[in-house]
Amino acid sequence: MLDVLIAGAGPVGLWLAAELRLHGVEVTVVERRAAPDGRSRAVGMQAGTLDTFATRGLAQRFIDRGTPVPTGHFGAATTRLDFSTVGAVHPFMLALGQSVTEQLLEEHALAVGARVLRGQEVVSLTQGPDAVEAVIRAAGSHRSVRARWVVGCDGTRSAVRQAAGIDFPGQDSTLTGWLADVELDDPPTAPLAATGPAGSFLAARIGDGVHRLAGLSTATMHRGTGEPLTLEEVREQTRALLGRDLGMRSPRWLSRYGNATRQASRYRAGRVLVAGDAAHMFFPAGGQGMNLGIQDAANLGWKLAATLQGRAPDGLLDSYDTERRPAARAVIDNTRAQLALFAAATPEQIALREVCSAALAEPRTNRQWARRIAGFDDPLPPGTAPDAHPLTGTRLAGLALNAADAPTAHPLMHHGRPLLLDLDGTRTPCTAPGLDRQAAAVNAESSHPAWRDVTAVLIRPDARIAWAGTDPDPQRRAADCRTALRALSRLV
Ligand SMILES: Cc1cc2nc3c(=O)[nH]c(=O)nc-3n(C[C@H](O)[C@H](O)[C@H](O)COP(=O)(O)OP(=O)(O)OC[C@H]3O[C@@H](n4cnc5c(N)ncnc54)[C@H](O)[C@@H]3O)c2cc1C
């Protein structure tokens, strides 16, 4: 019997497989496609994803293949979001095609011992008390596989979600945008966003001499996703939106995409879980879907491993649902708001877009939205401890360590276990299995006021703050630290 069967070798399934392997879990990924899809839906990897990859020592291999973009947009508003303010290790968005992201993630998952089987599709599931039986179709025949847990990372039409009886309420598509991956004789020197009465237009280089053009044209936005898109239509819409056609030629991919918006009513049904697009879908505004899904996997991996290995305290696995559903809800809201700006057609709507652009010029507002789009602003729902430090539940950000080999805490987290950092030079005597002590008594600095009074911090495997102590007394803060650790692992 398998420990975990994952359906879908997209970015989310592959990252989850690798995270589970970090804890020694036997994991098999089955992927319907016989070969990787060369086309890239996502072309933007947010700083929050790069920071997650940095916790496993992998960020640089993605950066080496992409192009850092220091700013982003909100609904194509003319004031750009400044990612240098978010406190990330890699404070930029990386322009990188999803096909390259998936190739690098698959290499990593295989290197750490995951099995990835292609040309194999999960078609049905039956749950028992101790295991799930999955029927898999491959090369025209069917076989059964038993696994303790099954995770559906199989995209918006998830067979796993449907077989588990998890509802996917929401709305069908009402508008479409278009995209064109093309070569340009007259490329822009920097990422471009343009808006006007004809709609919105974005252009960015995505590598290998190819640019992604994406637009929402008021004249064509009611065409269905199935209606063919030609280079001539893209040229015409680009001229209408931008005033020139950038010398576009040699299209690699032309497509329309819609704003169908749905979210799974629960992320777990018994021994079946869903993550990524299988759990949520929305208009691809601001480059957030893949990033959100990778955070689902980062949240789920260590919890599912602890559950399988009998280390999880009660409720740990269910906290995957309670923590990640609100995060997706917030992204759904911001993509809806962005779509309203993209699709602005009336004088009132166009004025609203100008007002938003002006509001983003205010540095605090700009930083807040840069953090949101970069994936740093989805704090966990408030816990039970009323006096918890404000950092509790937030993502690790803005903390610099005075250690030559670890300028931030991320390189200290390659093992995937909780990490305790003592920040005032005195050791917190909070030892326990699963807690790596190598980083004890590191000196740290932060210009951010949130860290000013912190004497010790316990960081979860997914780089969220589990506990931040301010007590100068090491014994007293060790007691608090142990309580926080118990919520993560039962062996304490
Ligand atoms: C036009 C567009 C642009 C986008 N741009 C961005 C962006 O810039 N940044 C960003 O973060 N997000 C972006 N997204 C969203 C992003 O592409 C998705 O959120 C992301 O691909 C989700 O990853 P996933 O692994 O959950 O699902 P998927 O990537 O859909 O992978 C699911 C996998 O499961 C396989 N599968 C399906 N059914 C089965 C089955 N029954 N058994 C086995 N395997 C199965 C599929 O073949 C597929 O390989 C964009 C989306 C669109 C449409």
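Residues numbered from 1 in each chain as written. Predicted model: local features only at pLDDT ≥ 70, side-chain atom pairs only at ≥ 80, totals over all residues. Heavy atoms only, no water.

### With respect to the sheet that holds strand β21 (residues 280-281)
Pairing in this open sheet of three strands is antiparallel, and the strands run β12-β18-β21 from one edge to the other. Pairing within the sheet leaves two strands with one partner each, and these edge strands are β12 (170-171) and β21. In this structure, strand β18 (residues 261-263) lies alongside β21, joined through two bridges in antiparallel fashion. The residue of β21 that forms the bridge with R262 is M281. The sheet contacts of helix α8 (residues 318-342) involve β12, β18 and β21, and relative to β18 the element is tilted by about 170 degrees. (Pairing = 2+ DSSP bridges. Helix = DSSP H or I, 4+ residues; strand = E, 2+ residues; numbered from the N terminus. Contact = heavy atoms within 4.5 Å. Axes fitted to C-alpha atoms, helices over the stretch in contact; angles between N-to-C directions.)

### Quick notes on the site of the ligand
Contacts to the ligand come from 30 residues, most closely from E31, R41, Q98, D277 and N291. In the environment of the ligand, a nitrogen atom lies 3.1 Å from a nitrogen or oxygen atom belonging to the backbone of R32. In isolation the ligand offers 1,000 Å² of accessible surface; the protein chains occlude 89% of this area. For the shell around the ligand, the secondary structure elements donating two or more residues are α1 (11-22), β2 (27-31), β9 (120-127) and α7 (289-308). (Near = heavy atom within 4 Å. Polar contact = N/O pair within 3.5 Å; in protein donor to acceptor, adjacent residues only side chain to side chain. Areas by Shrake-Rupley, 256 points an atom, 1.4 Å probe, with all protein chains shown as cover.)

### Brief notes about the packing of aromatic side chains
In total, this model carries seven aromatic pairs according to the counting rule given. Taking the centre distance of 5.5 Å and the plane angle of 40 degrees together, the rings of Y257 and F283 count as tilted. Of the two residues, Y257 is situated in strand β17 (residues 248-258) and F283 in the loop between β21 and α7; the sequence distance between them amounts to 26 residues. Side by side, Y257 and F283 carry an identical accessibility label, which is buried. Lying across the ring of F376, R395 places its NZ or CZ 4.8 Å from the centre. (Phe/Tyr/Trp six-rings, centres within 6.5 Å; stacked < 30°, edge-to-face > 60°. Buried < 20%, exposed > 50% of the residue type's maximum accessible area, 1.4 Å probe, protein only. Lys NZ or Arg CZ within 6 Å of the ring centre and 35° of its normal.)

### What about the state of the cysteines?
If you walk through the whole model with that rule in mind, you get one disulfide. Residue C430 pairs covalently with C481 via a disulfide, S to S 2.5 Å. On the sign convention where negative means left-handed, the S-S torsion of about -75 degrees between C430 and C481 marks this disulfide as left-handed. Of this pair, C430 sits in the loop between β23 (419-422) and β24 (444-445) while C481 sits in helix α11 (residues 474-486), and the two are 51 residues apart along the sequence. In this structure C430 comes out as buried when scored by relative accessible area, which is 0%. Take C481: its relative accessible area is 0%, and that puts it in the buried class. (Disulfide = S-S within 2.5 Å.)

### Quick look at the environment of R417
With respect to the helices, strands and loops of the structure, R417 is situated in the loop between β22 (400-401) and β23. Residue contacts for R417: discarding those within four places in its chain leaves G434, D436 and P461.

### Quick look at the packing of α7 against α8
Following both chains from N to C, one finds α7 and α8 inclined at 170 degrees, their axes separated by 10 Å at the closest point. Judged on the interaxial angle alone, α8 and α7 are roughly antiparallel. For the pair α7 and α8, contact is made by L292, Q295, D296, N299, L300 and K303 and by S319, Y320, E323, R324, A327, A328 and V331, respectively. Looking at the contact of α7 with α8, its residues break down into six nonpolar, three polar and four charged. (Parallel < 35°, antiparallel > 145°, perpendicular 65-115°, else oblique. Nonpolar A, V, L, I, M, F, W, Y, C, P; charged D, E, K, R; others polar.)

### Here's the deal with helix α2 (residues 47-54)
The element α2 is extensively covered by neighbouring structure, given that eight of its eight residues are classed as buried. Of all the residues in α2, the buried ones are A47, G48, T49, L50, D51, T52, F53 and A54.

### Points about α1
Taking 1.5 Å per residue, twelve residues should reach 16 Å; α1 reaches 17 Å between its end C-alpha atoms and fits that length. When you tally the buried positions in α1, you get eleven out of twelve residues, the bulk of the element. Taken together, the buried positions of α1 are occupied by P11, V12, G13, L14, W15, L16, A17, A18, E19, L20 and R21. Where α1 terminates, the next one or two residues include G24, which has phi positive at roughly 80 degrees. (Expected span 1.5 Å × (residues − 1).)

### A short note on the sheet that holds strand β7 (residues 93-95)
Strand order across the open sheet formed by three strands is β3-β7-β4, with antiparallel pairing between neighbours. For this open sheet the edge positions go to β3 (44-45) and β4 (67-69), each flanked by a neighbour on one side alone. Bridge analysis of β3 against β7 gives two bridges, and the strand direction is antiparallel. Counted as the bridge partner of M45 is L94 from β7.

### Concerning the nonpolar core
Judged by nonpolar contacts, the single largest core of 76 residues is most densely connected at I6 and F62. Of all the elements, α7 adds the most residues to this core, at eight residues. Setting aside its immediate chain neighbours within four residues, I6 contacts G13, L16, A17, L20, V27, T28, V29, V30, V151 and C153. Ranked by size, the runner-up nonpolar core spans 20 residues in total, among them L421, V457, A463 and A468. (Core = buried A, V, L, I, M, F, W, Y, C linked by side-chain atoms within 4.5 Å.)

### Concerning the pairing of strand β1 (residues 2-7)
Counting buried positions along β1 yields six of six residues, so the element is predominantly enclosed. Direction of pairing for β1 relative to strand β11 (residues 141-152): parallel, over a ladder of five bridges. Counterpart to L5 in the pairing with β11 is V150. Across four bridges, the pairing between β1 and β2 is parallel. Bridge assignment links L5 to a residue of β2, and that residue is T28.

### Here's the deal with the packing of α1 against α7
Here α1 crosses α7 at 25 degrees, and the two axes come no closer than 8 Å. In terms of axis orientation, α1 runs roughly parallel to α7. Note on packing geometry: the crossing formed by α1 with α7 is right-handed. From α1, P11, V12, W15, L16, E19 and L20 reach across to α7, where they touch M290, G293, I294, A297, A298, L300, G301, L304 and A305. Residue composition of the contact of α1 with α7, by class: twelve nonpolar, two polar and one charged. (Left-handed = near helix turned anticlockwise from the far one by under 90°.)

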